[in-house]
Amino acid sequence: MAGAREDGNTEALARAAAQYLPPWAEQRWIHLGDLALPDFRDLRHSPAGPAAAPGSEAEAELLRATLSATDVVVASPLYWYSLSAQAKRYLDYWSAWLRLPGLGFRSRMAGRALWGVSAMADEDARRAAPLVDTLRLSAEYMEMRFGGVLLGNGSRPGDIHTDDEALARAKAFFADGAV
């Protein structure tokens, strides 16, 4: 969960889709804003070189959760036509994890699925293209399967519950191969 509002429209839409997963599908919900995750620092070209291990317990927890998932769902509201700061920071950490010695992050993520869920205030789905492209291109780079992005409309708390089309799409969103 990468929204700035807990129990917001994006989370409600993600939970609506998740309720149609098979009962045996394990789910772990992480609110990125609740983690004491420092801003990402790109150390690739610093004199000390990239980090040799996660720099905080929050980062280590997020790395463990990511590696244990068969499917990663980034639930981010559409903010300024793209991902929230929390979601972007999470993907930025992937850059560091790619360089952790002996981890093999990219090869371990290959073949898994990356999905997105997003609520947006604008009814024109084209406005979400940068968000969709960020997730799709990230999946391609990591050799992951891109499951797509479930979009819904809602700005004020609870608005998503009136988007009947999005709620109908949520029922089948994960049906094409998740878990």
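My aim in this report is to walk through the structure given alongside it, one point at a time. Values in this document were obtained by computation on a predicted structure and should not be read as measured data.

Scoring rules and cut-offs
Residues numbered from 1 in each chain as written. Predicted model: local features only at pLDDT ≥ 70, side-chain atom pairs only at ≥ 80, totals over all residues. Heavy atoms only, no water. Pairing = 2+ DSSP bridges. Helix = DSSP H or I, 4+ residues; strand = E, 2+ residues; numbered from the N terminus. Right-handed = clockwise from strand over helix to strand, strands pointing away. 1 Å grid on protein atoms, 1.4 Å probe; cavity = no way out; pocket = protein on both sides within 12 Å on 5 of 7 lines; lining within 4 Å. Points joined across faces, edges and corners; volume = space filled by probe spheres on them. Nonpolar A, V, L, I, M, F, W, Y, C, P; charged D, E, K, R; others polar. Expected span 1.5 Å × (residues − 1). Buried < 20%, exposed > 50% of the residue type's maximum accessible area, 1.4 Å probe, protein only. Arc of directions from axis to C-beta. Contact = heavy atoms within 4.5 Å. Patch = residues over 30% accessible without salt bridge, like charges linked within 9 Å, V, L, I, M, F, W, Y side chains within 5 Å. Areas by Shrake-Rupley, 256 points an atom, 1.4 Å probe, with all protein chains shown as cover. Salt bridge = Lys/Arg side-chain N within 4 Å of Asp/Glu carboxyl O. Lys, Arg positive; Asp, Glu negative; His and termini not counted.

## Thoughts on the pairing of strand 3 (residues 145-153)
Of the pairings in the sheet, the one linking strand 2 (residues 113-120) to strand 3 comprises 8 bridges and is parallel in character. Looking across to strand 3, one finds that Val 117 is bridged to Leu 150. Where the polypeptide runs from strand 2 across helix 5 (residues 129-141) and back to strand 3, its parallel neighbour, the crossover connection is right-handed.

## Comments concerning the layout of surface pockets
Volume-wise, the largest pocket comes out at about 800 Å³. Every residue lining the largest pocket is counted, 30 residues in all, and those nearest its centre are Arg 28, Ala 69, Asp 71, Val 72 and Val 73. Of all the secondary structure elements, the ones that give two or more residues to the lining of the largest pocket are helix 1 (9-18), helix 2 (57-68), strand 1 (71-75) and strand 2. Looking at the lining of the largest pocket residue by residue, the classes come out as 23 nonpolar, 4 polar and 3 charged. Of the voids in this model, the second largest pocket is the one considered here, and its volume is about 460 Å³. As for the second largest pocket, its lining consists of 26 residues, of which Thr 10, Pro 77, Leu 78, Tyr 79 and Ala 119 are closest to the centre.

## Some points on helix 3 (residues 85-97)
Across its 13 residues, helix 3 extends 19 Å between first and last C-alpha, which sits within 8% of the 18 Å expected from 1.5 Å per residue. Turning to helix 3, its buried residues are Gln 86, Ala 87, Tyr 90, Leu 91, Tyr 93, Trp 94 and Trp 97. One side of helix 3 carries all its buried residues, which in axial view fall inside an arc of 145 degrees. Where helix 3 is buried, its residues contact helix 2, strand 1, helix 4 (105-109), strand 2 and helix 5.

## Focus on a nonpolar patch on the surface
A contiguous nonpolar surface patch, about 430 Å² in accessible area, is contributed by Tyr 79, Trp 80 and Tyr 81. Considering the arrangement of structural elements, one finds Tyr 81 in the loop between strand 1 and helix 3. On the basis of relative accessibility, which here comes to 44%, the residue Tyr 81 falls in the partly exposed class.

## Notes on the side chain of Glu 59
Along the chain, Glu 59 turns up in helix 2. No salt bridge is formed by the buried Glu 59, whose closest oppositely charged neighbour, Arg 64, lies at an N-O distance of 10 Å. When sequence neighbours within four positions are dropped, the list of residues in contact with Glu 59 reads Leu 37, Pro 54, Tyr 93 and Trp 97.

## Here we look at the pairing of strand 2
Among the 8 residues of strand 2, 8 are classified as buried, and the element is accordingly described as predominantly covered. Because side chains alternate across strand 2, one face comprises the buried residues Ala 113, Trp 115, Val 117 and Ala 119, and the other comprises Leu 114, Gly 116, Ser 118 and Met 120, equally buried. Relative to strand 2, strand 1 runs parallel, the two sharing 5 bridges. Looking at the pairing, Val 72 lines up with Leu 114 of strand 2.

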